[in-house]
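Spelled out from the first residue to the last, the chains are:
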Amino acid sequence: MLRGLAGFKKDWLRSDIPAGLSIAAVGLPSAIAYPAIAGLPPETGIYASIVGPIAYALFGPSRLLVVGPDAATMTVLAAAMTVIIAADPAAANIDRVAIASALALGVGVFCIAAKLLRLGVLASFLSRPILVGFFAGVSLSILVGQISRFTGVKIESDGLLAPVAEILGKAALIHWPSLLFGLSMFALLWIVKAFHLKVPGPVLVVVISVILSALFDFQGRGMAVVGNIPSGFPSFSLPAIRQMPLDKLVLGSAAIFLVSFGAGIVTARSFGSRTGEDVNANQELIGLGAANIAPGLFGSFPISMSDSRTAINLSTGGVSQLAGLVSAATLIAALIFLHSALRILPIPALAAILASAAISLIDIQELKKIWHISRMEFVFALIAMWGAISFGVLNGVVVAVAATFVYLLRKTMFPRDSLLGHVAGRHGFFELARFPEARPVEGAVVFAIQGNILFYNADYVRTRLTEVARELAPGTKCFVLDAGAITHVDSTGALALDAVADDLAKRDIVFAIADVSEESRGILERAGFIKKIGAHNLFNGREEALRALMGSAAGQ
């Protein structure tokens, strides 16, 4: 506990207090806007921005990371809530806030369980290309979701194109003052970004929107506003989990956990590389777990590491989690003293903030970089984006995970292999395909496999070994398999090697293995393979194998 405040010094107040005030100023607009994505009241975002950072300051390991609501997590939350309500009609009578709180508790439990099982590696489960593609799809879903808030027209349809077609059919119902005001605030956000103004765009939009709403009575002129926001600190409460479908609650929590933790660790490592702060994924699970359980107990929703708030913390000189605590205190003061002003905040202004945040999720430069580095990874990024758009955000998580599995299988299903030989005057072995001057060892073949031999690629490996064996020159005495890059062989792989040994034995060719790992050796021994080829045909290296089988000259 209190790692983010360890070694606290009074001098830190000079840095952390201004940083905390800046975090609150930048976080307040998004805290009000983001809950709308999941159909939650705006105060829930403020509650999450208060109790989440407090919990992380107590249990989180990082000095500088700031947690809070983020658009991607909110979109997955919205999808999970929809599934829960649709699965059980009784759940429709439950307050949406209760469902969101239950999911936050579920995410927290998953975090703690993952920490106990040391599953911080799950942070790397969704690869960077998959996340980039998925967030691009999420951003388009968020953009489409703002049509109703921009226009004042209730949109019934779901998906990407159907809402667009619906608003075109309902053009006569559009509240044009709302649309024009929302688009003007959206343009203001981009002007602030383009000219690098010191005042954060969302803060400027909120201030201007509230002033104009008060001066011109936007609500009286038919423009939707935020409405009443409770004042004061959120109250402790337990959501009615027993009245919700447990299976959908667990699946929804798992999906939110995977996306929020995966994206959160990307954020943590990105900022950690700038500051030199080590990021321990397993320890971050404790911090993120606490930061989700707290909102779940105080009527809010799941959160993640916030890149925008962390960036503000760094840019304003924050040095500890005291900045997060100052931010939380500032938001409590805002709830007490500014709730009347926030009540008249126009909904189109929130739509502009959400649309701008959604567009920022589309990382065009990263997609270009992925295209330049690997066409295959770019394809998987597009698959993840397509999944989020075509199947909905929650199913899009499943598509992203499936795409990750397919990508991993594709990379390991066909392990790289090579024939090795000698280059005159040079020590060691060289790939015949890469070095034209290399020559095979006379009377022997040295073949390297760079990958594991497992159930899903065993047939391919057996086929490759058999193909090479059948093309051996007459008079070949031994076939040496270089297993230095093979870390694991399973029972199916052992059977594949057994079949190759049988094929070589019929041709009176010795099958030897060099540099096999202890784990793989144990599998091969229990499978009877080592007994078949003889333990004397296992060697510590290629040179040793050739010297023993072919004489001293062959190993040079």
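A quick note: this is a predicted structure, and the numbers were derived from the prediction, not measured. (Residues numbered from 1 in each chain as written. Predicted model: local features only at pLDDT ≥ 70, side-chain atom pairs only at ≥ 80, totals over all residues. Heavy atoms only, no water.)

S.K.: Hey, could you run me through the nonpolar core in this one?
M.R.: One recurring pattern in soluble globular proteins: nonpolar side chains tend to sit buried together. If you look at the biggest cluster of nonpolar residues, it comprises 115 residues, and the most contacted ones within it are Leu40, Ile46, Val76, Leu77, Leu103 and Phe134. The next biggest cluster of nonpolar side chains, apart from the first, holds 28 residues, and it includes Val461, Phe479, Leu497 and Val500. (Core = buried A, V, L, I, M, F, W, Y, C linked by side-chain atoms within 4.5 Å. Buried < 20%, exposed > 50% of the residue type's maximum accessible area, 1.4 Å probe, protein only.)

S.K.: What should I look at first to understand the packing of aromatic side chains in this one?
M.R.: Geometrically, a pair of aromatic rings is defined through the distance of the ring centres and the angle of the planes. For the structure shown, the criterion picks out 14 aromatic pairs. Aromatic pair Phe257 and Phe261: ring centres 5.7 Å apart, planes at 10°, arrangement stacked. In this pair, Phe257 and Phe261 both sit in helix α10 (residues 246–275), four residues apart, roughly one turn of the helix. Residues Phe479 and Phe511 carry aromatic rings whose centres are separated by 5.7 Å and whose planes lie at 85° to one another, so their mutual orientation is edge-to-face. Of this pair, Phe479 sits in strand β7 (residues 478–482) while Phe511 sits in strand β8 (residues 510–514); the two residues are 32 residues apart in sequence, bridging distant segments of the chain. Across this residue pair, the class does not change: Phe479 and Phe511 are buried. An aromatic cluster of at least three residues, connected via ring pairs, comprises Phe447, Phe479, Phe511 and Phe529. In this structure, Lys193 packs its charged tip against the face of Trp190, placed 4.5 Å from the ring centre. The ring of Trp371 is capped by Arg375, whose NZ or CZ atom sits 4.0 Å from the centre of that ring. (Phe/Tyr/Trp six-rings, centres within 6.5 Å; stacked < 30°, edge-to-face > 60°. Helix = DSSP H or I, 4+ residues; strand = E, 2+ residues; numbered from the N terminus. Lys NZ or Arg CZ within 6 Å of the ring centre and 35° of its normal.)

S.K.: Help me understand the pattern of salt bridges, please; the structure alone is not making it clear to me.
M.R.: Enumeration according to the criterion identifies 11 salt bridges in this entry. Through salt bridges with shared partners, one network takes in Arg128, Asp363 and Glu366. (Salt bridge = Lys/Arg side-chain N within 4 Å of Asp/Glu carboxyl O.)

S.K.: What exactly am I supposed to notice about the side chain of Ser320 here?
M.R.: By the secondary structure assignment, Ser320 is in the loop between α12 (307–315) and α13 (322–337). At a separation of 2.6 Å, a polar atom in the side chain of Ser320 contacts the side chain of Asp16. With sequence-adjacent residues up to four places away left out, Ser320 is seen in contact with Gly4, Leu5, Trp12, Asp16, Arg63 and Leu64. (Polar contact = N/O pair within 3.5 Å; in protein donor to acceptor, adjacent residues only side chain to side chain. Contact = heavy atoms within 4.5 Å.)

S.K.: What am I meant to see in helix α17 (residues 375–390) here?
M.R.: Since one α-helical turn is 3.6 residues long, residues separated by three or four positions face the same way. In this model, α17 (16 residues) spans 22 Å end to end at C-alpha, consistent with the 22 Å of a helix rising 1.5 Å per residue. Considered for burial, the residues of α17 that qualify are Phe378, Phe380, Ala381, Ala384, Gly387 and Ala388. Buried residues belonging to α17 abut α5 (128–145), α16 (364–373) and α18 (393–413). In the stretch just after α17, Gly392 is the one whose phi turns positive, near 90°. (Expected span 1.5 Å × (residues − 1).)

S.K.: What exactly am I supposed to notice about unusual backbone geometry here?
M.R.: Apart from glycine, the bulk of residues carry a negative phi angle, and the bulk of peptide bonds sit in the trans form. Even without being glycine, His196 reaches a positive phi, approximately 50°. Tracing the backbone shows His196 in the loop between α8 (176–194) and α9 (201–216). The phi dihedral of Asp508 falls on the positive side, at around 60°, and the residue is not glycine. In this structure, Asp508 sits in the loop between α20 (491–505) and β8.

S.K.: Explanation requested: the environment of Tyr56 in the structure shown.
M.R.: Along the chain, Tyr56 turns up in helix α2 (residues 43–59). Accessibility expressed as a relative area gives 0% for Tyr56, which makes it buried. Apart from the residues within four sequence positions on either side, Tyr56 is in contact with Pro61, Ser62, Leu65, Val67, Glu284, Gly287, Leu288, Ala291 and Gln321. Among the polar contacts made by the side chain of Tyr56, one reaches the side chain of Glu284 at a distance of 2.7 Å.

S.K.: In this structure, what is going on with the pairing of β7? I would like to understand it.
M.R.: For a regular strand, side-chain orientation follows a simple rule: the groups alternate between the two sheet faces. β7 sits mainly inside the fold: five of its five residues count as buried. Burial of β7 is two-sided: the residues Cys478, Val480 and Asp482 facing one way and the residues Phe479 and Leu481 facing the other way are all buried. Note: strand β6 (residues 444–450) against β7, five bridges, orientation parallel. Each residue of the ladder has a partner; that of Val445, found in β7, is Phe479. The handedness of the β6 to β7 crossover, carried by helix α19 (residues 458–470), is right-handed. Pairing between β7 and β8: five bridges, direction parallel. Residue pairing in the sheet places Leu481 in a bridge with Ile513 of β8. (Pairing = 2+ DSSP bridges. Right-handed = clockwise from strand over helix to strand, strands pointing away.)

S.K.: Even after reading the chapter, I still don't get the packing of α19 against α20, so can you show me in this structure?
M.R.: Orientation of α19 relative to α20, taken along the N-to-C sense of each, is 15°, at an axis distance of 9 Å. Put simply, α19 runs roughly parallel to α20. For the pair α19 and α20, the sense of crossing is right-handed. From α19, Ala458, Arg462, Leu465, Thr466, Ala469 and Arg470 reach across to α20, where they touch Thr492, Gly493, Ala496, Leu497, Ala499, Val500, Asp503 and Leu504. Tallied by class, residues from the contact of α19 with α20 come to eight nonpolar, three polar and three charged. (Axes fitted to C-alpha atoms, helices over the stretch in contact; angles between N-to-C directions. Parallel < 35°, antiparallel > 145°, perpendicular 65-115°, else oblique. Left-handed = near helix turned anticlockwise from the far one by under 90°. Nonpolar A, V, L, I, M, F, W, Y, C, P; charged D, E, K, R; others polar.)

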